[in-house]
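Residue-level listing of the chains:
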Amino acid sequence: MPIVTMTVNGRPVSADVDPRTLLVQFLRENLMLTGTHVGCDTSQCGACTVHLDGHAVKACTVLALQAEGGAVVTIEGLGAPGLLHPMQEAFREHHGLQCGFCTPGMIMAAIDIVNRHGNELAEHTVREELEGNICRCTGYHNIVRAITEGARAMAAPVLNRAAE
Amino acid sequence: MFAFTYHRPSSVRKAAALAASVADGKLLAGGHTLIPTLKQRLAAPGDVIDLGGIPDLAGIELRGRTLSIGAMTRHAEVAASPVVKEAVPALAYLAGLIGDPAVRNRGTIGGSIANNDPSADYPAACLGLGATIITSQRRIEADDFFTGLFETALEPGEIITRIAFPAVKKAAYVKFANPASRYAMVGVFAAKRTADIRVAVTGASQSGVFRWTEAEEALKKRFAGRSLDGLSLPADDMISDLHGSGEYRAHLVGVIAQRAVEAAAG
């Protein structure tokens, strides 16, 4: 089987994989990073969103082998217990989740939005940009609030921020 | 997915040689059509040739009045590119309407064009701007490239390397998106470059993207939405599905084409 090598949350990883292995399977089943979820498995719901080379991608629609040489950041790479990423903190503070299934993808998408649109986000921008992330608890109101607040918080200097 | 052998060639030449040497190969660009197709077992290639390891296939450059976009350039890059926004603003706008942000970070212009989905956006831009598709073997005019539903003039193993667009400012794309999938129910790309007037329609026809020649003729007198008053397309060639009947789509083409022309003439 071909060998794939990439960095995940700053850590170099390498494994023999069946070419059919999806990036999300590789993360969850090889690396046991189960924070990245599989919702629809059809690149619609966004629960599997991770960052590949600095951009949000749906890990259910990327082969692990396509990420060869790449840098992946998952929800586990953002913060640590007791030291949440400002976007995670904003989701907690504003109750931007109900069941929590879509949350890892929402947060990874949210940080990608901030990376592209900056720290002052109009509500309309956030709603447009969340087109590819579905919350079946219909919790968008608080999610949008969390993202606009999290975006502002990301502008503030933070000591010891992990990976991102 | 059925099992396949994966290849990651480092040059177009190697990729083309590989494609020629395997019986049942499939080229992988961004993978946002091919991977879902493989998952559903609607395709079972013996070999998948990933073009992601070929650095010179991506990139955007403006040479004189020609905007050249590498086949592996992601939709997000086209949408955000200051070069594209300056040379062909309508093209950057169109790229920003494809899928969702994460999809745009993976999907590629070459992949979209090679697939020629009848509801895809890029084929309308290629046909509407009179682009040239440059492959590992030759140059193909957009007018000769899109040959039918999911069909193109590409030979087996032929690889799109770049797409050359003329820099056209008087151009606009208007998309009536399916509210769920965001694919075009109807998308019209209208452009005027000196005497060359083009109206390309995607999403509507059972035969894929097409030029609405009657509209183009009517616009020669005056490039304005009103020139299309009274024009209609036959409904029998239109896609008819749960989202809309052929009659509905035929009517929609007229409405969206008028809006596109107005925006382009703007």
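Going by the structure above, here's the rest.
Note that the coordinates shown come from a computational prediction; the quantities given were computed from them, not determined experimentally. (Residues numbered from 1 in each chain as written. Chains lettered and ligands numbered in written order. Predicted model: local features only at pLDDT ≥ 70, side-chain atom pairs only at ≥ 80, totals over all residues. Heavy atoms only, no water.)

A.B. asks: Can you walk me through the overall build of chain A in this structure?
C.D. replies: When its secondary structure is counted, chain A shows five helices and five strands. Here the C-alpha radius of gyration of chain A, 15 Å, is about what a compact globule of 164 residues would show, namely 15 Å. In terms of overall dimensions, chain A has C-alpha extents of about 45 × 35 × 25 Å along its principal axes. Put simply, chain A has 164 residues, and 52% of those count as buried. In chain A, 60% of the contacts between residues at least 6 apart in sequence involve partners at least 24 apart. By element, 53% of the accessible surface of chain A is carried by carbon and sulfur atoms, the whole surface being about 7,300 Å². With 11 positive and 17 negative side-chain charges, chain A shows a separation of 5 Å between the mean positions of the two kinds. (Helix = DSSP H or I, 4+ residues; strand = E, 2+ residues; numbered from the N terminus. Rg over C-alpha atoms; globule rule 2.2 N^0.38 Å. Buried < 20%, exposed > 50% of the residue type's maximum accessible area, 1.4 Å probe, protein only. Contact = heavy atoms within 4.5 Å. Areas by Shrake-Rupley, 256 points an atom, 1.4 Å probe, with all protein chains shown as cover. Lys, Arg positive; Asp, Glu negative; His and termini not counted. Charge placed at Lys NZ, Arg CZ, Asp CG, Glu CD.)

A.B. asks: Is there a simple way to explain the interface of chain B and chain A in this structure?
C.D. replies: Quite often, the size of an interface is put as the accessible area lost when its parts meet. At the junction of the two partners, chain B supplies 23 residues and chain A supplies 23 residues. For the pair chain B and chain A, the two sides together bury roughly 2,000 Å², of which 59% comes from carbon and sulfur. Between chain B and chain A we count three salt bridges in total. Across the pair Asp-41 of chain A and Lys-39 of chain B runs a salt bridge, and its minimum N-O distance is 2.7 Å. Inspection of the region where chain B meets chain A yields seven residue pairs in polar contact (both at pLDDT 80 or more). When contributions to the side of chain B that touches chain A are tallied by element, the ones reaching two or more residues are α2 (34–39) and α6 (101–104) of chain B. Of the residues that constitute the side of chain B that touches chain A, the class distribution is twelve nonpolar, five polar and six charged. (Buried area = accessible area lost by both parts, 1.4 Å probe. Salt bridge = Lys/Arg side-chain N within 4 Å of Asp/Glu carboxyl O. Polar contact = N/O pair within 3.5 Å; in protein donor to acceptor, adjacent residues only side chain to side chain. Nonpolar A, V, L, I, M, F, W, Y, C, P; charged D, E, K, R; others polar.)

A.B. asks: Even after reading the chapter, I still don't get the pattern of salt bridges, so can you show me in this structure?
C.D. replies: Note on pairing: side chains with opposite charge can pair once their charged atoms come close. All names here are of chain A. Tallied over the full model, the rule gives 22 salt bridges over all chains. With a shortest N-O distance of 2.8 Å, Arg-127 and Glu-123 are connected by a salt bridge. Taken as a pair, Arg-127 and Glu-123 lie in helix α4 (residues 123–129) at a separation of four residues, close to a single helical turn. The exposure class assigned to Arg-127 is partly exposed, which follows from its relative accessible area of 37%.

A.B. asks: I'm lost on the nonpolar core in this one. Help?
C.D. replies: As a rule of thumb, nonpolar side chains are buried together in soluble globular proteins. Counting residues in each nonpolar core, the largest one holds 41 residues, and the members touching the most others are Leu-91, Ile-113, Tyr-122, Cys-126, Ile-163, Phe-165 and Phe-189 of chain B. The leading source of residues in this core is helix α8 (residues 122–129) of chain B, at six residues. In terms of domain composition, this core takes at least three residues from each of domain 2 (58–166) and domain 3 (171–265) of chain B. Ignoring anything within four residues of it in the chain, the contact list for Ile-163 of chain B reads Leu-67, Ser-68, Ile-69, Ala-71, Ile-109, Gly-110, Ile-113, Cys-126, Ala-131, Thr-132 and Ile-133 of chain B. Within the second largest apolar cluster, 34 residues are counted, among which are Val-4 and Ala-67 of chain A together with Met-1 and Leu-28 of chain B. (Core = buried A, V, L, I, M, F, W, Y, C linked by side-chain atoms within 4.5 Å. Domains from an automatic or database assignment.)

Worth remembering: the numbers are spatial, not functional.
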